[in-house]
Protein chains: 2
Amino acid sequence: MSTIGEKYQRCLEKMKEISTLSSVGGLLAWDQETKMPERAGNARAEQSAVLAGVIHERFIDPELGDLLHELHERAEELSDDEAVIVREKLRDYEKSTKLPAELVQELARLSSLSQSAWIKARMKSDFASFAPWLEKTVAIKRRQAEAYGYEDNPYDPLLDDYEPHMTVKELDPIIENLRKGLVPIVSKIIHADASIETDFLSRPCPIMDQKAVCKEIMGIMGMDPNASRLDESAHPFSIGISSPVDVRITIRYQEDNLVGSISNVMHEGGHALYEQGIDERFVGTPLGESVSLGIHESQSRLWENIIGRGRAFAHFILPRLQEVFPDALGGVSPEAFYRGINKVASTPIRVDADEVTYNLHVVLRYELEKALINDELRVADLPAAWNEKMRGYLELTPKDDAQGVLQDTHWALGMFGYFPTYSLGNLCASQFWSALKKDIPDVNDRIARGECATILPWLREKIHHNGRRYTTMQLVKRVSGEGLSASHFLDYLMEKYGEIYGIGW
Amino acid sequence: MSTIGEKYQRCLEKMKEISTLSSVGGLLAWDQETKMPERAGNARAEQSAVLAGVIHERFIDPELGDLLHELHERAEELSDDEAVIVREKLRDYEKSTKLPAELVQELARLSSLSQSAWIKARMKSDFASFAPWLEKTVAIKRRQAEAYGYEDNPYDPLLDDYEPHMTVKELDPIIENLRKGLVPIVSKIIHADASIETDFLSRPCPIMDQKAVCKEIMGIMGMDPNASRLDESAHPFSIGISSPVDVRITIRYQEDNLVGSISNVMHEGGHALYEQGIDERFVGTPLGESVSLGIHESQSRLWENIIGRGRAFAHFILPRLQEVFPDALGGVSPEAFYRGINKVASTPIRVDADEVTYNLHVVLRYELEKALINDELRVADLPAAWNEKMRGYLELTPKDDAQGVLQDTHWALGMFGYFPTYSLGNLCASQFWSALKKDIPDVNDRIARGECATILPWLREKIHHNGRRYTTMQLVKRVSGEGLSASHFLDYLMEKYGEIYGIGW
């Protein structure tokens, strides 16, 4: 007969063991992208698979399930924090135990094969060769949705993997308003008659010096140098290996794209600050985890776009950049720099898009993937549907499927439900920013003095420290006093780009 | 009813899972010493402990034990390779299951506390404050020896942890011959009237350039750059994370000690080449593991001392070093360089010792630790015994216990039986070298041309590829045609240093 306290402790130990083993998996992944010798690929895959097996075995441990169920039923005997921890972990447990092992294995196998097929198809811009794989993937994702179960829409449980608690019913009106507001904004901007110089942004800047500047910016953002690292990798990423004390980011440097490096470091740095803001008391529990991919992305976009591409930061950082890169940036005025880094151009490629057009790429993908999962669109009709939306939203037609429907890896990997988190991140970021400006009215003055890190206590208190206590919708409501909507983001764009492009809305 | 083949496969899977999880532990350790942010110390300790728990749980799995026992009994139904794999893994299994969990935990706890006490004691040169911890450690190591069981000497099963199959009965005569031969050689050399210049060896060499040279030397040794890394750490080490495809070495650079860096890289590189020489077919089994610490050290010492401090390599590498470090080494003749890097000086500190005096430091420790475990020496009498042997072997008295009995961490950590593997490494290295010179008579010409890597096929075939098929004694016999002895090493020293110091023996 153990007491409820003892049972909670036992449950906590099991949770923390799983979390610790997962953090080891994080190191395997980080090392693979940054340091691992080339020939170790297969050995690393084996290490990851064996470790994943151990983690899965512990995660579906029926003793853990029994403890979670009992503790959840007796939640009134727990503290508030404990009750939240049990509630969220039980949610994870139930979701993961709903999938039969056979389905999990099939998902893994299919995603690996489909990924290989996608790489080849994209290279040859040959959608037809990828279509059978995408059909299989859509079918298995539907099976996954059925296994999870759902009330309204089979897309809901898939979305929930990335954005817990979010549903199509909540998301649809938000995304629709975003689309309706954004399409005319984009159209006005791309047809505006404004001249914006950008040639100075592609002048060569030595990579060694770019690295030093990126390190400096991490410090300016308030990152703890004793709890972080900056490395290089083919695709930039951020990972909390042992958040909050070991959070690492990576950048890909290009000699002719200094602003790209700075955007990368601020984007990944925003993610990293969230991980460094985890409350140390709750490490290994849901209160020491992030809310969702959307909220994570809100932190990266806040730093990358709202701050990093804002006028105050542009004016602050330019003189320093001119010191380090006099040949590239000497003689450029702060306003020219600010305008240059905010030039809007419609492009067929999502990852090349600016902050104005970006979300239309996401809206398009959300609409299409939701239709696929709901059997309202056939895979064979996908390229045509893609191109039609591209014309409607961004006034362009991709020159081929490689530049169109085949450009992203997400669907090949079975990541249906991932795309909308990018836009959720942008919407949350601007809604948080509105709230932050009310609480810290001189925020832009601070940024202009390089005191960006002084906003960190606000982010910590309002967002980072909460872990998974609130859902995305609850958190946005708490922080901003109103429900999540596209309006703050649309207002932000109109104010900023109206001025840059001389447009009266 | 499964067939013997199926049982072997099942056993192999379990073995490989354990080996893979251990390799993940290797990455945790490497990262901790090279890349980990400072604040992650406790989190990393937790990761290592949890992973060790998982590995232990799988290692003592009774199903594994039953499979190993049955397969070993039916070894005649297995292939030769399979039989060796089962024999060696059963040996590991039985050894590890002989220790009660309570003793394992006590060993871990005591070694951590005793290590802290040792750090403080060494700082204040206060042996008395460390003595109670050492007494406890000796007592628990005796308990460990009893738990393992032994025939002749309680030191045997402790030695076996580092040098499997080796016993005091075999080792004593070898070490005694080494001591008897070496003491007069050292005495003659340190009293010889030879002038050896070394001032040019401590001239500043930029660390950036030292790194480049060390990388170059790795290539000259034949290390596969796609299966290795070179990094920095406080203490140089080599680790096979996923041998043979991911083997990493680290160096500590000092601006005024270029030759130190080169020695480090050749020492660690020798270890790394052994790990890269593992037969890929046997990864995860004892045939994909090294024989012992002694054989591992034979590879590092062969490259560091016999090759790296040999005349041929000195003549080959100096011109290249002079290109990179003209200020430090310009005008130094190859012979002056060769003599300089081989200067012999008796020092109280083992890790500072040259290849001539080094083994007397080891002999002294072996004799003392064997006496402690056999209750023939009291801990209280250890400092006096240490200093007396120092005078007898190296003609010097440490100025205090910090420079004497307290200098090494091994005893604090309970690593009794580790020290002799250093000398075994040196003896095996010179005995292997004698054999190698017979098989490759022009080896020194090759080295003088920088073609060191051409000896790699010989090392691979004779040593690396064998895994744990043979014991140290068997391997030496197979490679050199005679039993292991000190004579090759003593002959090597007399020939080399007789010439340098102008001594006729």
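Rules behind the numbers
- Residues numbered from 1 in each chain as written.
- Chains lettered and ligands numbered in written order.
- Predicted model: local features only at pLDDT ≥ 70, side-chain atom pairs only at ≥ 80, totals over all residues.
- Heavy atoms only, no water.
- Helix = DSSP H or I, 4+ residues; strand = E, 2+ residues; numbered from the N terminus.
- Buried < 20%, exposed > 50% of the residue type's maximum accessible area, 1.4 Å probe, protein only.
- Areas by Shrake-Rupley, 256 points an atom, 1.4 Å probe, with all protein chains shown as cover.
- Pairing = 2+ DSSP bridges.
- Axes fitted to C-alpha atoms, helices over the stretch in contact; angles between N-to-C directions.
- Contact = heavy atoms within 4.5 Å.
- Least-squares fit on C-alpha atoms with pLDDT ≥ 70 in both.
- Salt bridge = Lys/Arg side-chain N within 4 Å of Asp/Glu carboxyl O.
- Phe/Tyr/Trp six-rings, centres within 6.5 Å; stacked < 30°, edge-to-face > 60°.
- Lys NZ or Arg CZ within 6 Å of the ring centre and 35° of its normal.
- Lys, Arg positive; Asp, Glu negative; His and termini not counted.
- Polar contact = N/O pair within 3.5 Å; in protein donor to acceptor, adjacent residues only side chain to side chain.
- Buried area = accessible area lost by both parts, 1.4 Å probe.
- Core = buried A, V, L, I, M, F, W, Y, C linked by side-chain atoms within 4.5 Å.
- Parallel < 35°, antiparallel > 145°, perpendicular 65-115°, else oblique.
- Left-handed = near helix turned anticlockwise from the far one by under 90°.
- Nonpolar A, V, L, I, M, F, W, Y, C, P; charged D, E, K, R; others polar.

Undergrad: I'm lost on the overall build of chain A in this one. Help?
TA: When you go through chain A residue by residue, the secondary structure sums to 21 helices and three strands. Reported as C-alpha extents along the three principal axes, the dimensions of chain A are approximately 75 × 50 × 50 Å. A buried classification covers 57% of the 505 residues belonging to chain A. Summed over its atoms, the accessible surface of chain A is roughly 20,400 Å², and 50% of this surface lies on carbon and sulfur atoms.

Undergrad: How do you make sense of the pairing of strand β3 (residues 246-251) of chain B when you look at a structure like this?
TA: Both faces of the sheet carry side chains from a regular strand, because those side chains alternate between them. All names here are of chain B. Here β3 lies mainly inside the structure; six of its six residues are buried. Sheet topology note: the strand β1 (residues 228-232)/β3 ladder contains five bridges and is parallel. Within β3, the residue paired with Asp231 across the bridge is Thr250. One ladder, built from four bridges, connects strand β2 (residues 238-242) with β3; its direction is antiparallel. When the sheet's bridge partners are listed, Ser238 is paired in β3 with Ile249.

Undergrad: Is there a simple way to think about the sheet that holds β3 of chain B in this case?
TA: Each strand in a sheet pairs with its neighbour through backbone hydrogen bonds, running either in the same direction (parallel) or in the opposite one (antiparallel). Here we have three strands laid out as an open sheet, ordered β1-β3-β2 (chain B), and mixed in their pairing. Lying at the two open borders of the sheet, with one neighbouring strand each, are β1 and β2 of chain B. The sheet shows a mean angle of 25° between the axes of neighbouring strands, direction not considered. The strands that helix α2 (residues 41-59) of chain A touches are β2 and β3 of chain B; relative to β2 of chain B, the one it contacts most, it runs at about 70°. The sheet contacts of helix α9 (residues 207-221) of chain B involve β1 and β3 of chain B, and relative to β1 of chain B the element is tilted by about 155°.

Undergrad: What's the story with the relation of the copies chain B and chain A in this structure? I'm lost.
TA: When chain B is fitted to chain A, the best match, at an RMSD of 0.1 Å, comes from turning it 180° and sliding it 0.1 Å along the axis. A rotation of that kind, with that shift, is consistent with a two-fold axis. A shared binding surface is used by both copies, with 100% of the interface residues of chain B retained as interface residues in chain A.

Undergrad: Looking at this structure, I do not really get the sheet that holds strand β1 (residues 228-232) of chain A. What am I missing?
TA: Residues and elements named next belong to chain A. The strand order across the open sheet formed by three strands is β1-β3-β2, and the pairing between neighbours is mixed. The sheet terminates laterally at β1 and β2 (238-242), the two strands that pair on one side only. The mean inter-strand angle of the sheet, taken between neighbouring strand axes irrespective of direction, is 25°. Contacts from helix α1 (residues 4-34) reach β1, β2 and β3 (246-251), with the element oriented near 135° to β2. Taken strand by strand, helix α10 (residues 258-276) contacts β1, β2 and β3, and its axis lies near 165° from that of β3.

Undergrad: Help me understand the pattern of salt bridges in this model?
TA: Working definition: two side chains of opposite charge can pair if their charged atoms are close together. Taken as a whole, this structure holds 106 salt bridges over all chains when the rule is applied. A salt bridge links Arg10 of chain B to Glu13 of chain B; the nearest nitrogen and oxygen atoms lie 3.9 Å apart. Taken together, the residues span about one helical turn, with Arg10 of chain B and Glu13 of chain B both in helix α1 (residues 4-34) at a distance of three residues. According to the relative accessible area criterion, Arg10 of chain B is partly exposed, its value standing at 35%. Taking the shortest distance from any N to any O, the salt bridge between Arg378 of chain B and Asp381 of chain B comes out at 3.2 Å. Among the charged side chains, a salt-bridge network with shared partners connects Glu17, Glu57 and Arg58 of chain A together with Glu17, Glu57 and Arg58 of chain B.

Undergrad: Before we go on, may I ask you to explain the packing of aromatic side chains in this structure?
TA: A ring pair, where both rings are aromatic, is described by two values, the distance of the centres and the angle of the planes. Using the criterion set out here, one finds 24 aromatic pairs over all chains in the structure. Between Phe313 of chain B and Phe316 of chain B the ring centres are 5.9 Å apart and the planes differ by 55°, which places this aromatic pair in the tilted class. Here Phe313 of chain B pairs with Phe316 of chain B, and both are found in helix α12 (residues 311-324), just three residues apart, close to one helical turn. Among the aromatic side chains, those forming a connected cluster through ring pairs are Tyr162, Tyr358, Trp386, Trp411, Phe416, Tyr418, Phe419 and Tyr422 of chain A. Just above the ring of Trp133 of chain A sits the side chain of Lys136 of chain A; from NZ or CZ to the centre is 4.4 Å. Lying across the ring of Phe419 of chain A, Arg365 of chain A places its NZ or CZ 5.5 Å from the centre.

Undergrad: Teacher, can you tell me more about the side chain of Glu275 of chain A here?
TA: All names here are of chain A. Take Glu275: it is sitting in helix α10. Summary of buried charges: Glu275 has no salt-bridge partner, and the nearest side chain of opposite charge, Arg460, is 10 Å away. Within the structure, the side chain of Glu275 is placed 2.5 Å from the side chain of Ser243, a separation counted as a polar contact. Excluding residues that lie within four positions of it along the chain, Glu275 makes contacts with Gly240, Ser243, Pro244, Val247, Ser290 and His296.

Undergrad: Please clarify how unusual backbone geometry should be interpreted in this entry.
TA: With the exception of glycine, the majority of residues adopt a negative phi angle, and the majority of peptide bonds are in the trans configuration. Residue and element names in this part refer to chain A. For the peptide bond that leads from Ser243 to Pro244, omega is 5°, which places it in the cis range. One can find Pro244 in the loop between β2 and β3. Phi is positive for His165, close to 80°, though the residue is something other than glycine. Structurally, the position occupied by His165 is in the loop between α7 (155-160) and α8 (168-190).

Undergrad: Quick question: what am I supposed to make of the interface of chain B and chain A here?
TA: By a widely used convention, the size of an interface equals the accessible area lost when the partners come together. Taken together, the contacts link 35 residues of chain B with 35 residues of chain A. For the pair chain B and chain A, the summed buried area comes to about 2,900 Å², and 59% of that belongs to carbon and sulfur atoms. Of all residues in chain B, the largest losses of buried area upon contact with chain A belong to Pro37, Arg39 and Gln47 of chain B, amounting jointly to 20% of the total for that side. Where chain B packs against chain A, one counts ten salt bridges. Arg58 of chain A is paired through a salt bridge with Glu57 of chain B; the nearest N and O atoms lie 2.7 Å apart. Connecting chain B to chain A are 18 residue pairs in polar contact (both at pLDDT 80 or more). Elements with a contribution of two residues or more to the side of chain B that touches chain A: α1, α2 (41-59), β1, β2 and β3 of chain B.

Undergrad: Would you mind going over the environment of Ile455 of chain A with me for this structure?
TA: Residues and elements named next belong to chain A. Counting through the fold element by element, Ile455 comes out in the loop between α18 (443-448) and α19 (456-462). Look at Ile455 and you get buried, because its relative accessible area is 1%. Residues Ile455 and Val443 lie twelve residues apart in sequence; the distance between their C-alpha atoms is 7.6 Å. When near neighbours in sequence (up to four residues on either side) are disregarded, Ile455 contacts Trp303, Ile307, Leu436, Ile440 and Val443.

Undergrad: Before we go on, may I ask you to explain the nonpolar core in this structure?
TA: Soluble globular proteins: nonpolar side chains tend toward being buried together. Core analysis: the largest hydrophobic core is formed by 127 residues, its most contacted members being Trp303 and Phe337 of chain B. The greatest single-element share of this core, amounting to ten residues, is contributed by helix α15 (residues 358-373) of chain B. If sequence neighbours within four positions are ignored, Trp303 of chain B has contacts with Met221, Met266, Gly270, Leu273, Gly308, Cys452, Ile455, Leu456 and Leu459 of chain B. Counting 126 residues, the second-largest nonpolar core is a separate cluster that includes Ile196, Tyr253, Val332 and Leu364 of chain A.

Undergrad: Can you walk me through the packing of α10 of chain A against helix α11 (residues 293-307) of chain A in this structure?
TA: Helix-helix packing is described using two parameters, namely the angle between the two axes and the distance between the axes. Residue and element names in this part refer to chain A. Taken N-terminus to C-terminus, the directions of α10 and α11 make an angle of 140°; their axes are 7 Å apart at the nearest point. When the axes of α10 and α11 are compared, the pair comes out oblique. Our pair here, α10 against α11, has a crossing hand that is right-handed. Touching Ser263, Met266, His267, Gly270, His271, Leu273, Tyr274 and Glu275 of α10 are Ile295, His296, Glu297, Gln299, Ser300, Arg301, Trp303, Glu304 and Ile307, all from α11. Partitioning the contact of α10 with α11 into residue classes produces six nonpolar, seven polar and four charged.

Undergrad: What am I meant to see in the side chain of Asp160 of chain A here?
TA: Residue and element names in this part refer to chain A. Note that Asp160 resides in helix α7. A distance of 2.6 Å separates polar atoms of two side chains, one belonging to Asp160 and the other to Arg91. The residues touching Asp160, leaving out its near neighbours within four places in the chain, are Arg91, Lys95 and His165.

Undergrad: How should I be thinking about the packing of helix α15 (residues 358-373) of chain A against helix α17 (residues 420-439) of chain A in this particular structure?
TA: All names here are of chain A. α17 packs onto α15 with a crossing angle of 140° between their chain directions and a minimal axis gap of 8 Å. By the criterion of interaxial angle, the relationship of α15 to α17 is oblique. Along this stretch, α15 crosses α17, giving a crossing that reads as left-handed. Seen from α15, the contacting residues are Tyr358, Asn359, Val362, Tyr366 and Glu369; seen from α17, they are Pro420, Tyr422, Ser423 and Asn426. Grouping the constituent residues of the contact of α15 with α17 by class yields five nonpolar, three polar and one charged.

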